[in-house]
Amino acid sequence: MPELPEVEAVRRLLVPPMQGARFDRVLLRRANLRRPFCWDFVDRLTGATVTRVRRRAKHLLLDLSTGDTLLMHLGMTGDFRVEHMGLAPGEDHPRDPHDHVVFEMSSRWMVTFNDPRRFGAMDLLTADERAAHPTLAELGPEPLSRAFTAAALATACAGRRTSIKVALLDQQLVAGLGNIYAAEALHMARLSPRRLASTLATRAGGPRETTERLTAAIKTVLSKAIAEQTRSGAYRTNRFLVYDREGEPCAAEGCRGTITRIVQGGRSTFYCRACQR
DNA sequence: CCGCTGTCCTGCCAGC
DNA sequence: TGCTGGCAGGACAGCG
């Protein structure tokens, strides 16, 4: 579930308790999430100060005073809880069975990572490892940055013989979209998810109107979602226009179509056959 | 190089 | 009512 807007909301949540604060105590409740924690995870983190809380695509990066970077991914069900440290000596933290990591910060805030499905990940990287990290190095442009233009999208789509929906999930093409916002952006752009990615590429000259429309839709959908996250904080049940709305009438203005569900690349795509061409 | 499939993990829910 | 099976999702390995 967490895609770029949700991860950005988490980043903003973590800035006050963590940025500029030191790890006083790190508690690991288990040996692994999606992967095992590195053997010296607790020792390397304890005493380090967080200089910056950053986000790249769906990854959270905590830059540390030691030169290390704590790279975190929320997976599907990962989330952080921020609470006051109000413990009596010897008292244990109240815990949920899925609270896997607890950070006690010098800011007197306690930051707990909870992840029922354990698709999340935490890796402690040296500066060299971070610079050479294959996943980070190969990420495409941030969709909300100036680097993400219709021309860039067109170039990235050139020669791709896969559907535009599947291509949008490729983090090397554009970084941070997931299954939900890919569907929402295509709906807003009135483009069929089944369309071949290469049809968005340009042969010569500037990008075509459809590529411009999709680029704009991606930016709008993500910006709106970020604004909504920070305003409400909580998840509203289905604030999406097409995602998980199979059989419902299309919400596009003047459209009398019905949302259908198809499977692409092994996952669900929701779209309106009537207005998405 | 590229595209496609399977794997990880568990909560939830439809269907028997 | 209780069980089972399938699905959800992102990253990544491995295949052809």
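The structure reproduced in this document is the subject of the present report. (Residues numbered from 1 in each chain as written. Chains lettered and ligands numbered in written order. Predicted model: local features only at pLDDT ≥ 70, side-chain atom pairs only at ≥ 80, totals over all residues. Heavy atoms only, no water.)

### As for the protein's contact with DNA strand C
Turning to step 1, where the next piece is worked out: Close to DNA strand C lie 15 residues, the nearest being Met76, Arg117, Thr135, Tyr243 and Ser268.
Turning to step 2, where the next piece is worked out: Near the protein, within 4 Å, the atoms of DNA strand C are sugar or phosphate in 51% of cases.
Turning to step 3, where the next piece is worked out: Taking Arg267, its side chain carries an N or O atom lying 3.0 Å from a base nitrogen of DNA strand C.
Turning to step 4, where the next piece is worked out: Considered class by class, the residues forming the surface near DNA strand C number three nonpolar, six polar and six charged. (Near = heavy atom within 4 Å. Polar contact = N/O pair within 3.5 Å; in protein donor to acceptor, adjacent residues only side chain to side chain. Nonpolar A, V, L, I, M, F, W, Y, C, P; charged D, E, K, R; others polar.)

### Some remarks on unusual backbone geometry
Turning to step 1, where the next piece is worked out: The phi angle at Arg108 is positive, at roughly 70°, despite the residue not being glycine.
Turning to step 2, where the next piece is worked out: Relative to the elements of secondary structure, Arg108 occurs in the loop between β6 (99–105) and β7 (109–114).
Turning to step 3, where the next piece is worked out: Residue Arg108 is classed as partly exposed on the basis of its relative accessible area, which comes to 46%.
Turning to step 4, where the next piece is worked out: With phi around 60°, Arg190 is a residue other than glycine that occupies positive phi space.
Turning to step 5, where the next piece is worked out: Here Arg190 is to be found in the loop between α7 (179–188) and α8 (209–232).
Turning to step 6, where the next piece is worked out: Exposure remark for Arg190: the relative accessible area of 43% places this residue in the partly exposed category. (Helix = DSSP H or I, 4+ residues; strand = E, 2+ residues; numbered from the N terminus. Buried < 20%, exposed > 50% of the residue type's maximum accessible area, 1.4 Å probe, protein only.)

### Describing empty space enclosed by the protein
If you roll a probe as big as a water molecule over the atoms, it shows you where there is empty space left.
Turning to step 1, where the next piece is worked out: Considering all chains together, one arrives at two cavities of 30 Å³ or more under this definition.
Turning to step 2, where the next piece is worked out: Approximately 30 Å³ is the volume attributed to the second largest cavity.
Turning to step 3, where the next piece is worked out: Broken down by class, the residue content of the lining of the second largest cavity amounts to five nonpolar, no polar and two charged. (1 Å grid on protein atoms, 1.4 Å probe; cavity = no way out; pocket = protein on both sides within 12 Å on 5 of 7 lines; lining within 4 Å. Points joined across faces, edges and corners; volume = space filled by probe spheres on them.)

### Focus: the pattern of salt bridges
Turning to step 1, where the next piece is worked out: Scanning the entire structure with this criterion turns up 17 salt bridges.
Turning to step 2, where the next piece is worked out: A salt bridge links Asp24 to Arg22; its shortest N-O distance comes to 3.0 Å.
Turning to step 3, where the next piece is worked out: On the basis of relative accessibility, which here comes to 33%, the residue Asp24 falls in the partly exposed class.
Turning to step 4, where the next piece is worked out: Under the relative-accessibility criterion, Arg22 is labelled partly exposed at 37%. (Salt bridge = Lys/Arg side-chain N within 4 Å of Asp/Glu carboxyl O.)

### Here we look at the packing of aromatic side chains
Turning to step 1, where the next piece is worked out: Counted according to the given criterion, the structure contains six aromatic pairs.
Turning to step 2, where the next piece is worked out: Ring geometry for Tyr181 against Phe240: centres 5.8 Å apart, planes inclined by 85°, an arrangement best described as edge-to-face. Placement of the pair is Tyr181 in helix α7 and Phe240 in the loop between α8 and β9 (259–264), with a sequence separation of 59 residues. Side by side, Tyr181 and Phe240 carry an identical accessibility label, which is buried.
Turning to step 3, where the next piece is worked out: When the ring of Phe240 is compared with that of Tyr243, the centres are 6.0 Å apart and the planes differ by 90°; the resulting orientation is edge-to-face.
Turning to step 4, where the next piece is worked out: Residue Phe240 is classed as buried on the basis of its relative accessible area of 7%.
Turning to step 5, where the next piece is worked out: Here the aromatic residues Tyr181, Phe240, Tyr243 and Phe270 are joined through ring pairs into a cluster of three or more.
Turning to step 6, where the next piece is worked out: One cation-aromatic arrangement involves Arg34 over Phe119; the distance from NZ or CZ to the ring centre is 5.9 Å. (Phe/Tyr/Trp six-rings, centres within 6.5 Å; stacked < 30°, edge-to-face > 60°. Lys NZ or Arg CZ within 6 Å of the ring centre and 35° of its normal.)

### Focus on the nonpolar core
Turning to step 1, where the next piece is worked out: Formed by 28 residues in total, the largest nonpolar core has its most connected members in Phe23, Leu70, Phe80, Phe103 and Met122.
Turning to step 2, where the next piece is worked out: Non-local contacts of Leu70, meaning those with residues more than four positions away in its chain, are made with Phe23, Phe41, Leu45, Leu60, Leu61, Leu62, Phe103, Met122, Asp123 and Leu124.
Turning to step 3, where the next piece is worked out: One finds Leu173, Tyr181, Leu186 and Ala197 within the second-largest nonpolar core, a separate group that totals 25 residues. (Core = buried A, V, L, I, M, F, W, Y, C linked by side-chain atoms within 4.5 Å. Contact = heavy atoms within 4.5 Å.)

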